[in-house]
Amino acid sequence: MSDILKYLNEPQREAVTTIEGPVMVIAGAGSGKTRALTHRIAYMIEQGINPFSIMALTFTNKAAKEMKERIMQLVEPGAARNVWMGTFHSIFARILRIEAANLGYTSEFTIYDTDDSKTLINAILKEREIDTKAYPAKYILHRISMAKSALYTPEDYCENAEIQEQDRRANKPLIGEIFKTYNSRLKRANAMDFDDILFNTNVLLRDFPDILLKYQRHFEYILVDEYQDTNYAQYLIIKRIAAMRENICVVGDDAQSIYGFRGANIQNILNFKIDYPEQRLIRLEQNYRSTKTIVKAANSVIANNKDQIKKNVWSDKEEGELITLLRATSDNEEGTLVANSIFGYKMSRQLANKDFVILYRTNAQSRSLEEALRKQDIPYKIYGGLSFYDRKEVKDLLAYFRVVINPNDEQALLRIINYPARGIGDTTKQKLQVIADERKCTVWDVLKSLNEQSTEFNMGTVTKLSNFVTMIQSFQTQLDKMNAFELAKHITETVGIIKVLKEDESPDGVMRVQNIEELLNAIQEFSDKQVDEVTGEQMTVNLAKFMEDVALLTDQDQKEEENADYVTLMTIHSAKGLEFPYVYIVGLEENLFPGIQSLSTREDLEEERRLFYVALTRAETKLILSYAESRYRWGNITLSEPSRFIEEIDPELIERTKKASFRGTTIKEDRSYNPFSGRGAWTFSGDKRYEQPRHSERSEESAKHYPKASPSDFIPVDAEEIEAGMRVLHQKFGQGTVVKVEGIGPNKKASVDFDESGNKMLMLKFAKLSILKQ
DNA sequence: GATTGTGCCCTTTTT
DNA sequence: GGGCACAATC
């Protein structure tokens, strides 16, 4: 038997060897899904299949990279390298660059990130004199993104009665029009946003049969990982390319679908059976990762979901330890408890920092944890948050590169035309855009056409603008003469970014200079790494090549230092696919996890529960859950109740009221955090969580700490006065009827049916309501 | 046209 | 607590 098949269980082996025809693998958490996938690809290569004909789509770049590395260990590395492996976005961006001309783009098209898109939306709103408060860019973008993921053009969007009705109800009937302008601006800038990559790929495969045929022939075998997280656009791409041979293998777990909010569609899993009636369905149910206790806990939680494909995930490992529940009085204390707990386990069990991960729902929660870890001298690393490529100075420099490669890239152009300051102000920028609109050309075209006879601007401005154009053009001539690093360095120096940044000697300023240097290093490293896929020779790469990749990189993709030993902090979303011996899940509180926004519909709550399921199943050996009874949010203290998810775990699996004692270790307890450190700090408790008086007792007192902002023309009433049945007025949502009131004190919530915008769940502490009728 | 100050929102999650 | 948009001031 082939070595590749040796250490697989029966269903895994079936998943690996069933190469021909449609296969769907439903893989429970920890069931060796990645193993099955990598071995499958290795097996295919071993069977003589050309690696070039295999396309393997992953959810993140990181997953692709890791998978490639694992395949390289199984087969000849050169062969593994040739597999088309990457995210949907990176693979199809690559294909779109090849075929760009067919769709009216050039292959140098820019990929706008969310930030660029937002700026563009705001610019459009401003031009049209639409109130940005009534039309938040983020909301508009979300609507547009959903539309594009479902393959609606702006025209479809405007003509669709249901969508229009939704927008009318939300009081935002202009979104369709904004969508139109937004798309035409992108096109003008020779740019695509993330969703366009998938959208345009679909257009390409739909409207150009010869191109479709080309890729159908090319990609003889298709694999899709994390299939439950694909959206409609992705689903259709796969369906189109796979149509010829139907050698398609999708791997997923409906219980781990956590990206519904961005258009992922579990329906894709169900459709598979319909699209490919002769599918082989393989279930991987044995969990190799976690103890029985952890698997049982996860199963008991997910059983509360109605929408799920039934499966029986089980573990052959030992029972393992019970789950520990930490109760803290505040978020800071939660941090201290967690840090102390980690310290204790490290000492008493000889563990390394990297054995631990702390998972939370939102990035904002990392702060108190960081502080506590720092005090305890535990090295840690935070994932997510502001990524390197999102830093202002990095984006500024990248914007120069973008303009050099694609001068029509308007967002980049406007970003740098006056940075570093060269006396080109907002008025000039506005004027340039207006002229571009009038002439139906790009801002860059306008700039190029300027000369001494131009009457639109005064002489001084024309000179400044011309100098800018000349500078960019001089960079452009170097594009193919210098390699990526040389040109990047040349631009950085000529433009004087470092010089400007060095004037700021604050720690932040120093940091910024370092970031620029790091970016240049990254470019050099990238250049060094480019190896000819056939000959293995090193190739020289130009800046454009580097920029192709950069837009799709995220923080997740940054290189890891080998052997580094630190505790990991990350959101649950970014922990998907990872595993750790000791897992802390913190902030298990109502309105945080599950988040308040997920409480209104069953579907949202179920997605939240799947998220909790993902968190639980990251653990190999030990789970520690925690919640805080109060927490700083938006700068003031909020009281919270323990999450309902805690109750959903089979209570027998949770350790009851156990005193934490890590004998023989010194635990630095920081008393400054917690005036009551004798009380809650070391009580590991599970059973007194639902004591009712606790809340009411405290809520009255704390209510005083929440002064209400009251604009003169609007008199909000105290939350206590709101009752079901009242007619109320909200500044943003207008009039409505209170349907239901729940919660006590600062946690009091009201479900209000607004005449215009429908049903909303409001935290009364924040929502300003005035009573119209008792 | 640039810099500083003020008030307002807000918090999911990511390619 | 913080980031962002807009206003006020140099």
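These lines cover the structure that appears in this document, whether it is placed above or below. (Residues numbered from 1 in each chain as written. Chains lettered and ligands numbered in written order. Predicted model: local features only at pLDDT ≥ 70, side-chain atom pairs only at ≥ 80, totals over all residues. Heavy atoms only, no water.)

Let us now look at the sheet that holds strand β12 (residues 356–360). Pairing within the open sheet is parallel, and its six strands lie in the order β11-β16-β15-β12-β14-β13. Two strands lie at the open edges of the sheet, namely β11 (324–328) and β13 (380–382), each paired on one side alone. Adjacent strand axes in the sheet meet at a mean angle of 20 degrees, parallel and antiparallel pairs treated alike. In the sheet, β12 pairs with strand β15 (residues 580–585) via four bridges, with the strands oriented parallel. Note that in β15 the partner of V357 across the bridge is V583. (Pairing = 2+ DSSP bridges. Helix = DSSP H or I, 4+ residues; strand = E, 2+ residues; numbered from the N terminus. Axes fitted to C-alpha atoms, helices over the stretch in contact; angles between N-to-C directions.)

Moving on, we come to the packing of helix α23 (residues 459–478) against helix α24 (residues 484–495). The geometry of α23 relative to α24 is characterised by a closest axis approach of 11 Å and an angle of 165 degrees between their N-to-C directions. The angle between α23 and α24 falls in the class roughly antiparallel. Seen from above, α23 lies across α24 with right-handed handedness. Judged by residue contacts, M471, F475 and Q478 of α23 engage L487, H490, I491, T494 and V495 from α24. (Parallel < 35°, antiparallel > 145°, perpendicular 65-115°, else oblique. Left-handed = near helix turned anticlockwise from the far one by under 90°. Contact = heavy atoms within 4.5 Å.)

Across the chain, the bulk of peptide bonds are trans and the bulk of non-glycine residues have phi less than zero. The omega angle of the peptide bond from Y419 to P420 is -5 degrees, so this bond is cis rather than trans. Note on placement: P420 falls in the loop between α20 (410–416) and α21 (426–439). At the junction of F593 and P594, the peptide bond is cis and its omega measures out at 5 degrees in the coordinates. By the element assignment, P594 lies in the loop between β15 and α29 (602–616). Positive phi is not limited to glycine here, since N190 has a value of about 55 degrees. Its location among the elements puts N190 in the loop between α11 (175–188) and β5 (191–193). Its identity is not glycine, yet Q350 carries a phi of approximately 55 degrees, on the positive side. Residue position: Q350 is located in the loop between α17 (331–349) and β12.

Spatially, six strands are ordered β3-β2-β6-β7-β1-β8 in an open sheet, and the strand pairing comes out parallel. The strands lining the two open edges of the sheet, one partner per strand, are β3 (84–87) and β8 (280–284). Averaged over neighbouring strand pairs, the angle between their axes works out to 15 degrees when direction is ignored. Two elements, strand β2 (residues 54–58) and β3, share four bridges in a ladder whose sense is parallel. Across the sheet, M55 pairs through a bridge with W84, a residue of β3. This element, helix α4 (residues 61–74), spans β2 and β3 of the sheet and lies at about 150 degrees to β3.

Before going further, it helps to examine the pattern of salt bridges. Taken as a whole and assessed by the stated rule, the structure comprises 46 salt bridges. The salt bridge involving E127 is made with R185; its shortest N-O contact spans 2.7 Å. Here E127 is found in helix α7 (residues 114–127), whereas its partner R185 is found in helix α11, with 58 residues between them in sequence. For the salt bridge of R609 with E648, the shortest nitrogen-to-oxygen distance reads 2.7 Å. In this pair, R609 sits in helix α29 while E648 sits in helix α30 (residues 644–648), placing the two residues 39 residues apart along the sequence. Of the two residues, R609 and E648, both sit in the buried class. Taken together, the shared-partner salt bridges connect K33, D225, E226, D229 and K576 into one network. (Salt bridge = Lys/Arg side-chain N within 4 Å of Asp/Glu carboxyl O. Buried < 20%, exposed > 50% of the residue type's maximum accessible area, 1.4 Å probe, protein only.)

In this section: the packing of helix α3 (residues 33–46) against α4. Relative to each other, α3 and α4 sit at 50 degrees, their axes nearing to 9 Å. Comparing their axes, α4 and α3 come out oblique. As α3 runs across α4, the sense of the crossing is right-handed. Counting all contacts with α3, which are made through T34, R35, L37, T38, H39, I41, A42 and I45, the residues of α4 involved are M67, R70, I71 and L74. Of the residues assigned to the contact of α3 with α4, the class counts are seven nonpolar, three polar and two charged. (Nonpolar A, V, L, I, M, F, W, Y, C, P; charged D, E, K, R; others polar.)

By the criterion of burial, strand β16 (residues 619–628) is predominantly enclosed, with eight of the 10 residues buried. In the sheet, β11 pairs with β16 via five bridges, with the strands oriented parallel. Bridging across to β16, T324 finds its partner in I624. Examined bridge by bridge, β15 and β16 share five bridges and lie parallel to one another. Residue pairing for β16: Y584 is matched across the bridge by I624. Handedness of the crossover joining β15 and β16 through α29: right-handed. (Right-handed = clockwise from strand over helix to strand, strands pointing away.)

We now examine the nonpolar core. Membership of the largest hydrophobic core comes to 56 residues, with the highest contact counts inside it found for F401, L447, I523 and L543. Ignoring sequence-local partners within four residues, the contact set of L447 consists of L413, I417, L432, L465, F468 and V469. (Core = buried A, V, L, I, M, F, W, Y, C linked by side-chain atoms within 4.5 Å.)

Turning our attention to the side chain of Q365. Tracing the backbone through its elements, the reader meets Q365 in the loop between β12 and α18 (366–375). With relative accessibility at 6%, the residue Q365 sits in the buried group. Looking at Q365, its side chain comes within polar contact range of the main-chain nitrogen of R361, at 3.3 Å. (Polar contact = N/O pair within 3.5 Å; in protein donor to acceptor, adjacent residues only side chain to side chain.)

Worth remembering: the numbers are spatial, not functional.
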